[in-house]
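Read off the chains here:
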Amino acid sequence: MTVARAWPAAVLLMLVAAHGTPASPGPENVLVVVNADSEASVTLAREYARLRRIPLGNVLYLRDVPTSSVISVAEFRSRILTPILESIRSRGLAKQIDCVAYSTGFPYGVDVRADMEGRTFPRYITSPASLTGLTYLHELVAAANPEYLDMQANRYCRGIRRGRTPKPWSEQDRRMAGVLAQASSRLTETLRAAPQSPETARQLAEALALAEDLASRHPESPDLLYDLACLRALRGDTDGAMRALRSAVDAGWLNVTHTETDPDLTSLRSRADFRALVQRMRSLPVQAEPPQPFRASTRWDANHQPTNGSGTRYLLAAMLAYVGGQANTLEEALACLRRAAAADHTHPRGTVYFMVSQDGARTGPRRWAFESAKAALSRLGVRAEVLDGALPPSRSDVAGAMVGIATFDWKSSRSTILPGAFCDHLTSFAGAMNGAGQTLLSEWIRYGAAGSSGTVAEPYAIQAKFPTAFLHVYYASGCTLAEAFYQSVSGPYQQLLVGDPLCAPWAPRVQVTVRNLREGVVLRKPLSVQVRCNGPKPVRRYELYVNGRLITSCGPEGRLLLDPRRFATGTYEARVVAVTGSLETRGRAVLRFRIAR
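Residues numbered from 1 in each chain as written. Predicted model: local features only at pLDDT ≥ 70, side-chain atom pairs only at ≥ 80, totals over all residues. Heavy atoms only, no water.

Turning our eyes to something else, we now look at the side chain of D173. Along the chain, D173 falls in helix α6 (residues 171–193). The exposure class of D173 is buried, given its relative accessible area of 6%. Separated by 2.9 Å, the side chains of D173 and R217 make a polar contact. Of note is the side chain of D173, whose polar atom sits 2.7 Å from the side chain of H218. (Helix = DSSP H or I, 4+ residues; strand = E, 2+ residues; numbered from the N terminus. Buried < 20%, exposed > 50% of the residue type's maximum accessible area, 1.4 Å probe, protein only. Polar contact = N/O pair within 3.5 Å; in protein donor to acceptor, adjacent residues only side chain to side chain.)

What follows concerns α6. Its 23 residues give α6 an end-to-end C-alpha distance of 34 Å, which sits within 8% of 33 Å, the value for a rise of 1.5 Å per residue. Listed as buried for α6 are D173, M176, L180, A183, S185, L187 and T190. Looking at the packing, one finds that the buried side of α6 touches α7 (198–217) and α8 (222–235). (Expected span 1.5 Å × (residues − 1). Contact = heavy atoms within 4.5 Å.)

Glancing now at α8. In a regular helix each residue adds 1.5 Å, so 14 residues correspond to 20 Å; α8 covers 20 Å between its end C-alpha atoms and thus fits that length. Within α8, 10 of the 14 residues are buried, which leaves the element mostly enclosed by the surrounding structure. All of the buried residues along α8 are P222, L224, L225, Y226, L228, A229, C230, L231, R232 and A233. Among the structural elements, α6, α7, α9 (238–251) and α10 (256–261) are those in contact with the buried residues of α8.

Attention now goes to the pattern of salt bridges. Taken as a whole and assessed by the stated rule, the structure comprises 37 salt bridges. Between D239 and R271 there is a salt bridge, with the nearest N and O atoms lying 2.9 Å from each other. With D239 in helix α9 and R271 in the loop between α10 and α11 (272–283), the pair connects residues that are 32 residues apart, well separated along the chain. D273 is the partner of R246 in a salt bridge, and the nearest nitrogen-oxygen pair spans 3.8 Å. Placement of the pair is R246 in helix α9 and D273 in helix α11, with a sequence separation of 27 residues. On the basis of relative accessibility, which here comes to 32%, the residue R246 falls in the partly exposed class. Taking the relative accessible area as the measure of exposure, D273 reaches 28% and is therefore partly exposed. Within this structure, R540, R541, E543, E584 and R586 form a network of salt bridges that share partners. (Salt bridge = Lys/Arg side-chain N within 4 Å of Asp/Glu carboxyl O.)

For the structure on display, the rule yields 17 aromatic pairs. Each ring, one from F354 and one from F370, has its centre 5.1 Å from the other, and the planes form 25 degrees; the classification is stacked. Residue F354 is found in strand β12 (residues 351–356), and its partner F370 is found in helix α14 (residues 370–379); the two are separated by 16 residues along the sequence. According to the relative accessible area criterion, F354 is buried, its value standing at 0%. Look at F370 and you get buried, because its relative accessible area is 2%. Here F485 and Y486 contribute two aromatic rings whose centre-to-centre distance is 4.9 Å and whose plane-to-plane angle is 85 degrees, an arrangement assigned as edge-to-face. For the pair shown, F485 and Y486 are each scored as buried. (Phe/Tyr/Trp six-rings, centres within 6.5 Å; stacked < 30°, edge-to-face > 60°.)

If you want it as structure tokens, here you go:
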């Protein structure tokens, strides 16, 4: 969308990037998708491309985009997802696109009931899904594989550090886990209808046998051990249930609020050892796995590790804004993107607020990590507070907020959101942008947040469907907003992520110097471009883009071959990108050159 400006003569011999770009991905790695029939969509996309210096070839205009707020999964595949994936391939961008950024003018939801037909799912697997969630899970969705609905579908998500290394799950064990989920779902419905019937006893025995078998092979799985404890408690084996529950906690089960209120564990609540275990859970420190950079080419295995073999690939996905109705105005959306771009590398001197409201159902699924996330942020030099109440009261330094409440009036809090902040509230319909009687995520955007998220359908307050408190730790570690978000939610299919996916307030600034390629130079023969980088982290590699397309890369030695014989005569834009540190933070130098024969 933009052409690099000419640099003054004083820097013709040395070009230094005037701006570093955030952690992976950078503007060369984003595909901006525009509804060509919507003036607001075009306006917003053009401004984002200008702010972020998105290459012209990284902007995709789609026509005849469905106008309804929720579309069928068949429409999503044929009219949105397939054109995106085909465009990435046909434009030669498959090696570089890591993120899809939708402008406004797209449906927020996708009805996935067609993919659910003929299968049994737990009652909390509901429709619709979100536009961004299904784009992120593109590989499974394109294949109509309903595993994208699983609460562990996101293998890029960072987990909790365990005392024991998890044992790999075989394909047979994964199939058995699916059968167990279906059996447990049927049992839940039967318990409601006929708790004392022979059919209930039969289904309970069937589910328990499956859980016992799986747990014998995977004693390090906290979720599995917790399910085993519930099934034993329902069967009347309270001593066995307590043994499984203690093992689940030892393996990393941390959701104390759910444990205290789960009706499956009613028979344990009067026991002194249950109360002691709950108290122990409250005091246990939690340490998350360290953040990882994102690349769409990386496959992730069932143990959430990058692999060279079989695994699942993802695409970071966000909606830049949702304009109209009860959501944001175009002016609010533009202001959000401008604030977010200006927030990069600023290291906000603010506070991340974790709010403990009286609404236990909405605070509980994430409260277990609040104190541990606060401690982790402190180690990064970022202040955090855990406060009682719905919203931070009269605070002028909100660098992030995690709230559990259905409706709120931010203005009444008299607090100020700092540029670059990510804020969200756990409720059922924050992402249902046509309005469902609850406060929409767009309220955070209206008052200054760079990004927010929310589910587009009833999620049943399942922890795995929402980002954990460690989102703010990943963000403060230097990740982009999109990376921090997707590393913190293991079942993202219903989450709508809105805002600037590239925003990175805590990423270090990286400056790139090109020593022997001058602005406006005429190239007639191959040139070994010499690059140097000034940044706090060691260089992992350098990349050379011509007119936005990745041409070549090299190691830390910083010599990139630019061969004019590969191109026709004319004027071109070169981007020399340095990729640095464990989070692949990027900086770049941008200049124009000419090719003549």
